[in-house]
Amino acid sequence: MAEITAAMVKELRERTQAGMADCKNALVEAAGHMEKAVEVILKKGLVKAASRAGRIAAEGEVATSIAADGKHGVIVEINSQTDFVSRGDDFKGFVKTVLAVAAKAPKGADLGAQKAPGSDQTVDQVRAALVAKTGENMVVRRWAGLDAAEANGFVHAYVHAGGKLAVLIHAEGPDPKNAELKAFVDNAAMQVAAMNPLVVDKANVSKAQVDKQREIFEAQLKEEKKPEQAWPKIIDGKVAKWFTEVTLLGQDNVWDPPAGTIDKLRLELGKKLGGEVKVHAFVRFALGEGIDKGPTEDFAAEVAKTIGG
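If you're wondering where the values come from, they're calculated on a predicted model, not measured in any experiment.

### Let's talk about the environment of Gln209
Thought 1: Among the secondary structure elements, Gln209 is positioned in helix H8 (residues 207–223).
Thought 2: Residues Gln209 and Val28, 181 residues apart in the sequence, show an inter-C-alpha distance of 24 Å.

### A word on the sheet that holds strand E5 (residues 165–172)
Thought 1: Reading across the sheet, the three strands line up as E4-E5-E6 and stay open at both edges, with antiparallel pairing between neighbours. Each end of this open sheet is capped by a strand with a single partner; those strands are strand E4 (153–160) and strand E6 (278–286). Looking at each pair of strands side by side, their axes are set apart by 15 degrees on average, direction ignored.
Thought 2: When E5 meets E6, the two strands line up antiparallel, connected through eight bridges. The residue bridging Ala171 from the neighbouring strand is Val279, located in E6.
Thought 3: Where helix H7 (residues 179–195) meets the sheet, its contacts fall on E4, E5 and E6, and the angle it forms with E4 comes to roughly 50 degrees.

### Some words on the nonpolar core
In summary, soluble globular proteins display a tendency toward joint burial of nonpolar side chains.
Thought 1: Judged by nonpolar contacts, the single largest core of 24 residues is most densely connected at Ile169, Leu181, Phe184, Val185, Leu248, Val279 and Phe282.
Thought 2: Counting residues per element, the ones that place at least two in this core are E4, E5, H7, helix H10 (262–273) and E6.
Thought 3: When residues in this core are grouped by element, the largest group, seven residues, is from H7.

### Topic: the packing of helix H1 (residues 6–16) against helix H2 (residues 20–29)
Thought 1: Between H1 and H2, whose axes approach to 9 Å, the crossing angle comes to 115 degrees. Accordingly, the angle class assigned to the pair H1 and H2 is roughly perpendicular. The handedness of the crossing between H1 and H2 comes out as right-handed. Across the interface between the two elements, Met8, Val9, Leu12, Arg13 and Thr16 from H1 touch Met20, Cys23, Lys24, Ala26 and Leu27 from H2.
Thought 2: The class makeup of the residues in the contact of H1 with H2 is seven nonpolar, one polar and two charged.

### Topic: the pattern of salt bridges
Thought 1: In total, this model carries 23 salt bridges according to the counting rule given.
Thought 2: The salt bridge involving Arg266 is made with Glu276; its shortest N-O contact spans 3.6 Å. Remark: Glu276 occurs in the loop between H10 and E6 and Arg266 occurs in helix H10; sequence separation between them is 10 residues.
Thought 3: The exposure class of Glu276 is exposed, given its relative accessible area of 51%.
Thought 4: In this structure, a network of salt bridges that share partners links the residues Glu39, Lys43, Lys212 and Glu215.

### Observations regarding the packing of aromatic side chains
Thought 1: If you walk through the whole model with that rule in mind, you get one aromatic pair.
Thought 2: Across from the ring centre of Phe285, 4.0 Å away, lies the NZ or CZ of Arg142, which sits over that ring.
Thought 3: Here the basic side chain of Lys202 rests over the ring of Phe243, its NZ or CZ set 5.0 Å away from the ring centre.

### Side note on a nonpolar patch on the surface
Thought 1: Taken together, the side chains of Met195, Val254 and Trp255 present a nonpolar region at the surface, about 250 Å² in accessible area.
Thought 2: By the secondary structure assignment, Met195 is in helix H7.
Thought 3: Given a relative accessible area of 42%, Met195 falls into the partly exposed group.

### Looking at the environment of Met8
Thought 1: In this fold, Met8 is placed in helix H1.
Thought 2: For the pair formed by Met8 and Phe243, sequence separation is 235 residues and the distance between their alpha carbons is 29 Å.
Thought 3: Every residue in contact with Met8, bar those within four places of it in the chain, is listed here: Glu3, Leu27, Gly32 and Met34.

The rules we used
Residues numbered from 1 in each chain as written. Predicted model: local features only at pLDDT ≥ 70, side-chain atom pairs only at ≥ 80, totals over all residues. Heavy atoms only, no water. Helix = DSSP H or I, 4+ residues; strand = E, 2+ residues; numbered from the N terminus. Pairing = 2+ DSSP bridges. Axes fitted to C-alpha atoms, helices over the stretch in contact; angles between N-to-C directions. Contact = heavy atoms within 4.5 Å. Core = buried A, V, L, I, M, F, W, Y, C linked by side-chain atoms within 4.5 Å. Buried < 20%, exposed > 50% of the residue type's maximum accessible area, 1.4 Å probe, protein only. Parallel < 35°, antiparallel > 145°, perpendicular 65-115°, else oblique. Left-handed = near helix turned anticlockwise from the far one by under 90°. Nonpolar A, V, L, I, M, F, W, Y, C, P; charged D, E, K, R; others polar. Salt bridge = Lys/Arg side-chain N within 4 Å of Asp/Glu carboxyl O. Phe/Tyr/Trp six-rings, centres within 6.5 Å; stacked < 30°, edge-to-face > 60°. Lys NZ or Arg CZ within 6 Å of the ring centre and 35° of its normal. Patch = residues over 30% accessible without salt bridge, like charges linked within 9 Å, V, L, I, M, F, W, Y side chains within 5 Å. Areas by Shrake-Rupley, 256 points an atom, 1.4 Å probe, with all protein chains shown as cover.

Have a look at this one:
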């Protein structure tokens, strides 16, 4: 069995908010497999939900760029070791360079291997020079792009908290320049930033994901000793509620809650504008999600004590 480390217990605790002893036991039961340990926590009903992001955020910036015609947008995450460096002009300039490269790069390209604009150096060579200058490592961690091929489609960007979180969203409506449509799409992007849905709507959720969620709910009901004959109806209700949490269109909007779900607002706006309003896709980057910077000394000592016990 894999060794259960303090960092592993720390990560599971951050993802689930379960107690340290419960996290340790779940990791032991899951033989050190983190995702299985999350499932153990959920199935035992120790918590009702778990974070998909999980780990401590690194420093740096998430940035976006939208083409002048609104048909293409890119989002990048670039990490540094300290906030001090990420606020500096050198780092900010590097972010702009990477965005310019991403805007023209083919999907899935290694940005580090691309030539920096107006230079014979690659992005990675420019990065290496900055590392040498600042004495601090920098990483072009990830990037993504969205395209709007429809005549009335467009890509919009929302950046929150000075580059700590950003969203690209691909939408379509009768008139892409309409102020109400633009406001709705901007609000929808803020919804993605705030509520972190998995997908746009139910059609984007795979059968495997639904089956896994049903399995978790069934295990919870078993732990709660609910009558087995009542399980199907209860599980159907729980799955329906789960859809309202993980789909953008199914969520209640956060900017005007009494107005209802995102889908309700979308349909109403479409009727008002005389044509369907669609949300096709989104990409959400939160700075440093999934990066483990390691346990702090105090927390590590606390966890080590629990593991040792």
